[in-house]
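A closer look at the structure
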Amino acid sequence: MQTLKDLIDSCTIIIWIASALHAAINFGQYPYGGYMPNHPTVSRQLMPEPDSKDYELLKTDPDKVFLKTIMPRLQMLLGVVVTEILSRHTSDEIYLGQRDTPVWTKDKEALAAFERFGKELGGVERKIMEMNGDEKWKNRVGPTKLPYTLLYPTSEEGLTGRGIPNSTSI
Ligand SMILES: [Fe+2]
């Protein structure tokens, strides 16, 4: 790094990856993929060949053939449990733009910048809500009526599908 701008750019990238990008990927794992048929998995057998017994079964009972391809019950249960744990916020989560100690520095300029940042995050949340309600965005207002919430900066404790922690541990 040669300039102050280089430092700012690098810090911005690190903060983005460790906060919002991570949150957008992590906290939707259970809401989107907790129900196994919603997410791709390892197929335990090949697609049935024409004229085989399973091929005929596929025509009459596709659910049964599908269930034969997915992972065993215990392995699946472990996957679902891990996904759920990873998608939860703890009761003491500190979200982006928040501090557990209100006076964390005596630097007035830094405190003012942090306050501005917090206000901008509030604006982001409002903007996402606004877009969720705008029918021109088909990926948000589709047949399932599932609003996009992963980049809402704040959340409550638990499995909410929203909230950007200030830092990530894994
Ligand atoms: Fe993570």
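Before reading further, recall that the structure is shown in the block above.
About the thresholds
Here the residue index of a chain counts from 1 through its sequence in written order. Thresholds applied to this predicted model are a pLDDT of at least 70 for local features of residues and 80 or more for the giving and counting of side-chain atom pairs; totals over whole chains, interfaces and linings are not thresholded and use all residues. Think of the side-chain values as coming from all heavy atoms in the structure, minus any hydrogens and water. Residues belong to a common nonpolar core when they are buried Ala, Val, Leu, Ile, Met, Phe, Trp, Tyr or Cys residues joined through side-chain atoms within 4.5 Å. Each residue's exposure class comes from its accessible area (1.4 Å probe, protein chains only) as a fraction of the maximum for that residue type: buried when under 20%, exposed when over 50%, partly exposed otherwise. In what follows, a contact means two residues having at least one pair of non-hydrogen atoms within 4.5 Å. We define a salt bridge as a contact between a side-chain nitrogen of Lys or Arg and a carboxyl oxygen of Asp or Glu at a distance within 4 Å. Under the scheme used here, helices are H or I runs from DSSP no shorter than 4 residues and strands are E runs no shorter than 2 residues, and both carry numbers assigned from the N terminus. Each patch is built from salt-bridge-free residues with over 30% relative accessible area, joining like charges within 9 Å and nonpolar side chains (Val, Leu, Ile, Met, Phe, Trp, Tyr) within 5 Å. The accessible surface values rely on the Shrake-Rupley method and a 1.4 Å probe; as for residues, cover is taken only from the protein chains in view. Planes of paired rings set the category: under 30 degrees apart is stacked, over 60 is edge-to-face and the rest tilted, where pairs are Phe, Tyr or Trp rings (Trp by its six-membered ring) whose centres lie within 6.5 Å. Here the expected span of a helix is defined as 1.5 Å times the quantity of residues minus one. For the purposes of these results, a polar contact is taken to be a pair of N or O atoms within 3.5 Å, where, inside protein, one atom must be able to donate a hydrogen and its partner to accept one; residues adjacent in sequence count only when each atom of the pair is a side-chain atom. In this charge count, Lys and Arg are treated as positive and Asp and Glu as negative; neither His nor the chain ends contribute. In this description, a line fitted to the C-alpha atoms serves as the axis of each element, helices being fitted only across the stretch in contact, and the angle between N-to-C directions of two axes falls anywhere from 0 to 180 degrees. Each angle is binned into one of four classes, with values under 35 degrees roughly parallel, values over 145 roughly antiparallel, values of 65 to 115 roughly perpendicular, and all other values oblique. When residue character is reported, Ala, Val, Leu, Ile, Met, Phe, Trp, Tyr, Cys and Pro are called nonpolar, Asp, Glu, Lys and Arg charged, and the others, Gly included, polar.

1. Thoughts on the nonpolar core
If you look at the biggest cluster of nonpolar residues, it comprises 7 residues: A20, A23, F27, L96, L121, L150 and I164. Those residues within four positions of A23 in sequence are excluded, and the remaining contacts are L150, G163, I164 and P165.

2. Comments concerning the pattern of salt bridges
By the definition in use, this model includes 6 salt bridges. Across the salt bridge formed by E115 and K119, the nearest N and O atoms sit 3.4 Å from each other. Remark: K119 and E115 occur in helix α6 (residues 108-132); sequence separation between them is 4 residues, near one turn of the helix. On the basis of relative accessible area, K119 is assigned to the exposed category, the value being 58%.

3. Digging into a nonpolar patch on the surface
A contiguous nonpolar surface patch, about 490 Å² in accessible area, is contributed by I13, W16, I17, L21 and I25. Mapped onto the elements of the fold, I17 is located in helix α1 (residues 4-26). The class for I17 is partly exposed, based on a relative accessible area of 45%.

4. Details of the environment of A110
Following the sequence through the fold, A110 ends up in helix α6. Since its relative accessible area comes to 25%, A110 is described here as partly exposed. Sequence-distant contacts of A110, defined by excluding residues within four places in its chain, comprise W104 and T105.

5. Examining the packing of aromatic side chains
Each aromatic ring pair is summarised here by two numbers: the centre-to-centre distance and the angle between the ring planes. Evaluation of the coordinates by the stated rule reveals 1 aromatic pair. Their ring planes at 70 degrees and their centres at 5.3 Å tell us that W104 and F114 sit as a pair that is edge-to-face. In this pair, W104 is assigned in the loop between α5 (73-86) and α6 and F114 in helix α6, connecting sequence segments 10 residues apart. Judged by relative accessible area, W104 falls into the partly exposed class, the value being 29%.

6. Some details on α6
Given a rise of 1.5 Å per residue, 25 residues ought to cover 36 Å, and the 36 Å separating the end C-alpha atoms of α6 matches this to within 8%. A distance of 3.0 Å separates the backbone nitrogen of E109 from a side-chain oxygen at the start of α6, and that oxygen is part of D107.

7. Observations regarding unusual backbone geometry
Even without a glycine there, the phi angle at D51 is positive, about 75 degrees. Following the sequence through the fold, D51 ends up in the loop between α2 (29-33) and α3 (53-60).

8. Focus on the side chain of S19
With respect to the secondary-structure elements, S19 resides in helix α1. Side-chain polar atoms of S19 contact the backbone oxygen of I15, separated by 2.5 Å. Residues contacting S19, with those up to four places away along its chain left out, are L96, I164 and P165.

9. Quick word on the side chain of E93
Of note, E93 is situated in the loop between α5 and α6. Within the buried set, E93 has no salt-bridge partner at all; the shortest N-O distance to an opposite charge, 11 Å, is to R88. Side chain to side chain, E93 and H89 meet in a polar contact 2.7 Å long. Setting aside residues no more than four positions away along its own chain, E93 makes contact with F27 and P165.

10. Focus on the packing of α3 against helix α4 (residues 62-69)
Orientation of α3 relative to α4, taken along the N-to-C sense of each, is 125 degrees, at an axis distance of 6 Å. On the basis of their axis angle, the class for α3 and α4 is oblique. Here D54, L57, L58, K59 and T60 of α3 come into contact with α4, specifically with P62, K64, V65 and K68. In terms of residue class, the contact of α3 with α4 is built from 4 nonpolar, 1 polar and 4 charged.

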